[in-house]
Amino acid sequence: MSKVLNIRCADGYVLRGTEFVPDVQPQATIVICPAIFVREGFYFHFAKYVAQHGYRAITFANRGMGVSLAAETNLWKHQLRHWGELDLPAVIEFARSTAPEKPLYLVGHSMGGQLAALSPASLDVDAIVTVAATHAWWGHWPRPYRWGILAWYSFIPLVGRVLPKFPASRLGLGPNVSSSVVRDWARWGRNRNYFMGPFGIQPQMANYRGRVLAWSFTDDERLGLHAAVEALHRHYFRASVTHLHVDPDQHLRHDAVSAFSRLRVGTVPGIGIGGPGW
């Protein structure tokens, strides 16, 4: 069973989300934190999959993106840091307050996994699973890929200066995103320290003391580069971190496809019937 959610953030912004509830008493709640340029509906198959296995799942769209952007009635000045500092805390608070006695797990996909490292709310979850979540400074990538990433980080701010919404849908990338969010991402990506650079942000991953399972894949080196995934997760100084870099042909039952498709078909390992399986 699923139902639409309206989750109010501390600053009054209302996020659009969806809750998937199993037919039995839930074992735990799983919050699915999305990637940039990925529609909320992309995660529905995975959410249904975990619900069928006894977990309550919550998906959502960050402010300034997808269904949350489409539902805006006021002019908001969006910042990418707000996804971690306001949006994710609101969703985690909702998840915790509506099932306080159950474990709470966070699955972060790409940018969603980065936000887990940024958000103070992550300190309140029992375990974190990330999928292709990187420290996305362009210099981590080998040649020639790094030049394409640097060009991307240089191009998208130019579009953002002209249009209030970055036309991701027209470019075939996914849902439209507020241009100010995209400009922030580009600034982070051009800085060697990424969001830990001179942006006034206080990342929280050094304070997290739970378990972290980071997945990266041999066929996803353009987006989920092994070295860039390691560069993000090494900052979980106090956590118990397991990083698995796997060959999908050998370790997964499905075809070797991107991490996006792997998440969509509900095959992210680490979420087992008894909880995070590591």
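Our subject is the structure listed above.
As a starting point, this report considers the structure included with it. For clarity, every value in this text was computed on a predicted model and none was experimentally measured. (Residues numbered from 1 in each chain as written. Predicted model: local features only at pLDDT ≥ 70, side-chain atom pairs only at ≥ 80, totals over all residues. Heavy atoms only, no water.)

## Things to note about the pattern of salt bridges
Within this structure, the stated rule accounts for 8 salt bridges. Taking the shortest distance from any N to any O, the salt bridge between Glu19 and Arg56 comes out at 2.6 Å. One end of the pair, Glu19, is in strand 2 (residues 14-20); the other, Arg56, is in strand 4 (residues 56-61), and 37 residues separate them in sequence. Note on Glu19: relative accessible area 8%, which makes it buried. In the salt-bridge network here, residues are joined through shared partners; they are Lys3, Glu19 and Arg56. (Salt bridge = Lys/Arg side-chain N within 4 Å of Asp/Glu carboxyl O. Helix = DSSP H or I, 4+ residues; strand = E, 2+ residues; numbered from the N terminus. Buried < 20%, exposed > 50% of the residue type's maximum accessible area, 1.4 Å probe, protein only.)

## So, the environment of Gly112
Its location among the elements puts Gly112 in helix 4 (residues 111-118). For the pair formed by Gly112 and Ala35, sequence separation is 77 residues and the distance between their alpha carbons is 5.0 Å. If near-sequence neighbours (up to four positions away) are discounted, Gly112 is found in contact with Cys33, Pro34 and Ala35. (Contact = heavy atoms within 4.5 Å.)

## A short note on helix 1 (residues 44-52)
Three or more residues of helix 1 are buried, namely Phe46, Ala47, Val50 and Ala51. The arc enclosing the buried residues of helix 1, seen along the axis, measures out at 140°, which places them on a common side. Backbone geometry just after helix 1 places Gly54 at a positive phi near 95°. (Arc of directions from axis to C-beta.)

## Focus: the sheet that holds strand 10 (residues 240-246)
In sheet architecture, strand pairing relies on hydrogen bonds along the backbone and comes in two forms, parallel and antiparallel. Reading across the sheet, the 8 strands line up as 1-2-4-3-5-6-9-10 and stay open at both edges, with mixed pairing between neighbours. With partners counted over all chains shown, the strands left at the sheet margins are strand 1 (2-8) and strand 10, one partner each. Across the sheet, the axes of successive neighbouring strands diverge by a mean angle of 20°, strand direction being ignored. In this sheet, strand 5 (residues 104-109) lies alongside strand 3 (residues 29-33) in parallel orientation, the contact comprising 5 bridges. (Pairing = 2+ DSSP bridges. Axes fitted to C-alpha atoms, helices over the stretch in contact; angles between N-to-C directions.)

## With respect to the pairing of strand 9 (residues 211-217)
Where burial is concerned, most of strand 9 is hidden: 6 out of the 7 residues are buried. As defined by bridge partners, strand 6 (residues 127-131) adjoins strand 9 across 5 bridges and the pair is classed as parallel. Opposite Ala127, over in strand 9, you have Arg211 as the bridge partner. As defined by bridge partners, strand 9 adjoins strand 10 across 7 bridges and the pair is classed as parallel. Residue pairing in the sheet places Leu213 in a bridge with Thr242 of strand 10.

## Examining the nonpolar core
Ranked by internal contacts, the top residues of the largest apolar core, which has 57 residues, are Ile36, Trp83, Trp185 and Tyr236. Ranked by residue count, the leading element in this core is helix 3 (residues 81-98), at 6 residues. Setting aside residues up to four positions removed in sequence, Trp83 forms contacts with Ile36, Asn62, Arg63, Met65, Leu88, Met111, Leu115, Val177 and Val181. Formed by 23 residues, the second largest nonpolar core is a distinct cluster that contains Ala35, Phe46, Ala57 and Val129. (Core = buried A, V, L, I, M, F, W, Y, C linked by side-chain atoms within 4.5 Å.)

## Points about the side chain of Thr18
Mapping Thr18 onto the fold places it in strand 2. Looking at Thr18, its side chain comes within polar contact range of the side chain of Glu40, at 2.7 Å. Setting aside anything within four residues of it in sequence, one finds Thr18 in contact with Ser2, Lys3, Leu5, Glu40, Phe44, Ala57, Ile58 and Thr59. (Polar contact = N/O pair within 3.5 Å; in protein donor to acceptor, adjacent residues only side chain to side chain.)

## Some remarks on the packing of helix 3 against helix 4
Direction vectors running N to C along helix 3 and helix 4 enclose 70°, while the axes themselves pass 9 Å from each other. Judged by the inter-axis angle, helix 3 sits roughly perpendicular to helix 4. Here helix 3 and helix 4 pass one another in a crossing that is right-handed. Seen from helix 3, the contacting residues are Arg81, Trp83, Gly84 and Leu88; seen from helix 4, they are Met111, Leu115, Ala116 and Leu118. Among the residues making up the contact of helix 3 with helix 4, the classes are represented as 6 nonpolar, 1 polar and 1 charged. (Parallel < 35°, antiparallel > 145°, perpendicular 65-115°, else oblique. Left-handed = near helix turned anticlockwise from the far one by under 90°. Nonpolar A, V, L, I, M, F, W, Y, C, P; charged D, E, K, R; others polar.)

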